[in-house]
Amino acid sequence: MKILIAGDYSPYARVVTLINRGQTDNILSAVIPYIQKADYAIVNLESTLAPNGSKPIAKCGPNLSCNTEAIVVLRHAGFHCATLANNHIMDYGSIGLHATMKELRYINMDYVGAGNNLQEAQQPLIKEIDGQTIAIINCCEHEFSIADTTHAGANPLDMVDISHQIQAARQLADYVLVIVHGGHERYQLPSPRMQKTYRFFIEAGADAVVNHHQHCYSGYEIYQGKPIFYGLGNFCFDWNGRRHSLWNQGYMVMLDLLPQGVQYSLIPYEQCEERVGVCLLTNEQQKDFTNQLEKLNAIIADSTLLTQHWQQWVQSRNKMLLDFAPYTCRILRYMANRNLLPKFLNAKRTATLLNRIDCESHRDVAAYLLKNRLTEVYQTL
């Protein structure tokens, strides 16, 4: 059984222009042969429909939306399933989510990771393919999209709940795949927490764990004989200010689920540079990609080195503390950061603060910085 997993698809900028013109043939044409080689192909829908009557929710970061034609592009390319557990699926509230799920059903495309309430969102997708059964569990970190017992949304990343979902799925399926949406944006390595969590999912019974969200690709490791991929990168996400950067490279992973174990291959690509859409790497680009991936994998294999890299990166995020002050002027922010001005929180700042606390990745960074700051304060006493 061959399962293909792709990263974040968010129709934006020049991609939207092509879709609106009906010129969609070349957006994914270069990778369609790989998609169609799979028995089952999965992509992350990093957007939502925004029908009449829907409004953007209050959050920090952009509210992403798309039209039905942008979703149909995925089905025509050969994708069978969309993962919906991500930080943008609720950008236009329950109306947007319901419209998105309805459209996916209409075009005969499966989805997993979101629902009308927490119980629905937590349900794995069970598929029987050529006499074998796979269970797909999809979850995401906490960023304005999480379902609860009475509200629609995404399946939250929770070690206890996901481990129970894995164990239950093992009773129903030959293979269990966990797809997570999380991590630190534009940082090419997992945090120590991510590695510990994803390894635990393998220990709980998953046959493979695949992650996306960071807008850049990461490395992978084999843990207890099973693969963990820490970041696929953007699949198709055009952004005017992010050209010629890690934003524009990624890879799909093809899992070959066999009785003797899981084999895999990577399909690296470049997306939305001068050419709009996804295209395969040249031979020279392939060499650079392989070299970079080997470096990332070497760091991931050494837990001490991984922690050192993560701590160094967190130190570079020290300005995050200034997000808690409502001042945009550099001088006022400087004064507020030294307790010379009150630090009132308006609605936007409150949303930002909530995100720093509620999202696992943001919380890791904030906690580390605050602990360091507390140590500095005590040293001055």
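Residues numbered from 1 in each chain as written. Predicted model: local features only at pLDDT ≥ 70, side-chain atom pairs only at ≥ 80, totals over all residues. Heavy atoms only, no water.

Caption draft 1: A look at the pairing of strand β7 (residues 132-140). In terms of burial, β7 is a largely internal element, 8 of the 9 residues being buried. Inspection of the sheet shows strand β6 (residues 125-129) paired to β7 by 5 bridges, in the antiparallel sense. Bridge pairing in β7 links I126 to A135. Summarising the sheet, β7 and strand β9 (residues 175-181) pair through 7 bridges and their orientation is parallel. The residue bridging N138 from the neighbouring strand is I179, located in β9. (Buried < 20%, exposed > 50% of the residue type's maximum accessible area, 1.4 Å probe, protein only. Helix = DSSP H or I, 4+ residues; strand = E, 2+ residues; numbered from the N terminus. Pairing = 2+ DSSP bridges.)

Caption draft 2: Inspection of the pattern of salt bridges at higher detail. Taken as a whole and judged by the stated rule, the model has 12 salt bridges. Of the charged contacts, one joins D91 and K59 as a salt bridge, the two residues approaching to 2.8 Å between their closest N and O atoms. A residue pair is termed long-range when its members are at least 10 positions apart, and D91 in the loop between β3 (81-83) and α4 (93-106) and K59 in the loop between β2 (40-45) and α3 (68-77) qualify at 32 residues. Note on K59: relative accessible area 7%, which makes it buried. Residue E221 is joined to R199 by a salt bridge in which the shortest nitrogen-to-oxygen separation is 2.9 Å. Here E221 is found in strand β11 (residues 220-223), whereas its partner R199 is found in helix α7 (residues 192-204), with 22 residues between them in sequence. On the accessibility criterion, R199 (23% relative accessible area) is partly exposed. Each of R14, D238 and R243 takes part in a single network of salt bridges with overlapping partners. (Salt bridge = Lys/Arg side-chain N within 4 Å of Asp/Glu carboxyl O.)

Caption draft 3: Representation of the side chain of H181 within the structure. Tracing the sequence through the fold places H181 in strand β9. Ignoring sequence-local partners within four residues, the contact set of H181 consists of D8, N44, E46, A85, N86, N87, C139, C140, E141, N211, H212 and H213. (Contact = heavy atoms within 4.5 Å.)

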